[in-house]
Amino acid sequence: MIYVILTLVIVAIVLFILSFFMKDRFDEMESQLEQISISTMQDTYQLKKKIKVLEEELLSDDISLDNYSKNK
């Protein structure tokens, strides 16, 4: 019984020490997720800017058409 407990304690200590030297995958995944999030936000911002410009152009076209039709 003592051998089993001693073996488990030794294995636990060895695994604990090894865990400090192993590469943490969660940090890597977190940085990748952050990069994806930033690029998505940039794309969304650019699309919103383009939509705003298009809406302004359409509104200005509508106004000019209304003015043209009223002048006739």
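Predicted, not measured: the structure shown is a model, and the values here were computed from it. (Residues numbered from 1 in each chain as written. Predicted model: local features only at pLDDT ≥ 70, side-chain atom pairs only at ≥ 80, totals over all residues. Heavy atoms only, no water.)

Colleague: In this structure, what is going on with the overall build of the chain? I would like to understand it.
Modeller: Along its length, the chain carries 2 helices and 0 strands. Of the roughly 7500 Å² of accessible surface on the chain, a fraction of 67% belongs to carbon and sulfur atoms. (Helix = DSSP H or I, 4+ residues; strand = E, 2+ residues; numbered from the N terminus. Areas by Shrake-Rupley, 256 points an atom, 1.4 Å probe, with all protein chains shown as cover.)

Colleague: Please explain the UniProt feature "transmembrane region" (unreviewed entry) in the chain as it appears in this structure.
Modeller: The positions UniProt marks with the feature "transmembrane region" (unreviewed entry) are residues 6-22. Along residues 6-22 one finds 94% helix and 0% strand; the C-alpha atoms at either end are 24 Å apart. (UniProt positions renumbered as here; feature names shortened; annotations may be inferred.)

Colleague: Would you mind going over a negative patch on the surface with me for this structure?
Modeller: Residues D24, D27, E30 and E34 make up a contiguous surface patch of negative charge. Secondary-structure assignment places D24 in the loop between α1 (2-21) and α2 (25-71). (Patch = residues over 30% accessible without salt bridge, like charges linked within 9 Å, V, L, I, M, F, W, Y side chains within 5 Å. Salt bridge = Lys/Arg side-chain N within 4 Å of Asp/Glu carboxyl O. Lys, Arg positive; Asp, Glu negative; His and termini not counted. Charge placed at Lys NZ, Arg CZ, Asp CG, Glu CD.)

Colleague: Even after reading the chapter, I still don't get a nonpolar patch on the surface, so can you show me in this structure?
Modeller: Residues M1, I5, V9, I13, F16, I17, F20 and F21 make up a contiguous nonpolar surface patch of roughly 950 Å² in combined accessible area. Of note, I13 is situated in helix α1. Among the residues examined, I13 registers a relative accessible area of 46% and is labelled partly exposed. (Buried < 20%, exposed > 50% of the residue type's maximum accessible area, 1.4 Å probe, protein only.)

Colleague: Before we go on, may I ask you to explain the packing of aromatic side chains in this structure?
Modeller: Here the distance between the centres and the angle between the planes together describe a pair of aromatic rings. Evaluated as defined, the whole model comprises 1 aromatic pair. Plain terms: the ring middles of F16 and F20 are 5.1 Å apart, the flat faces sit at 85° to each other, and that makes the pair edge-to-face. Of this pair, F16 and F20 both sit in helix α1, 4 residues apart, roughly one helical turn. Summarising the burial analysis for this pair, F16 and F20 share the class exposed. (Phe/Tyr/Trp six-rings, centres within 6.5 Å; stacked < 30°, edge-to-face > 60°.)

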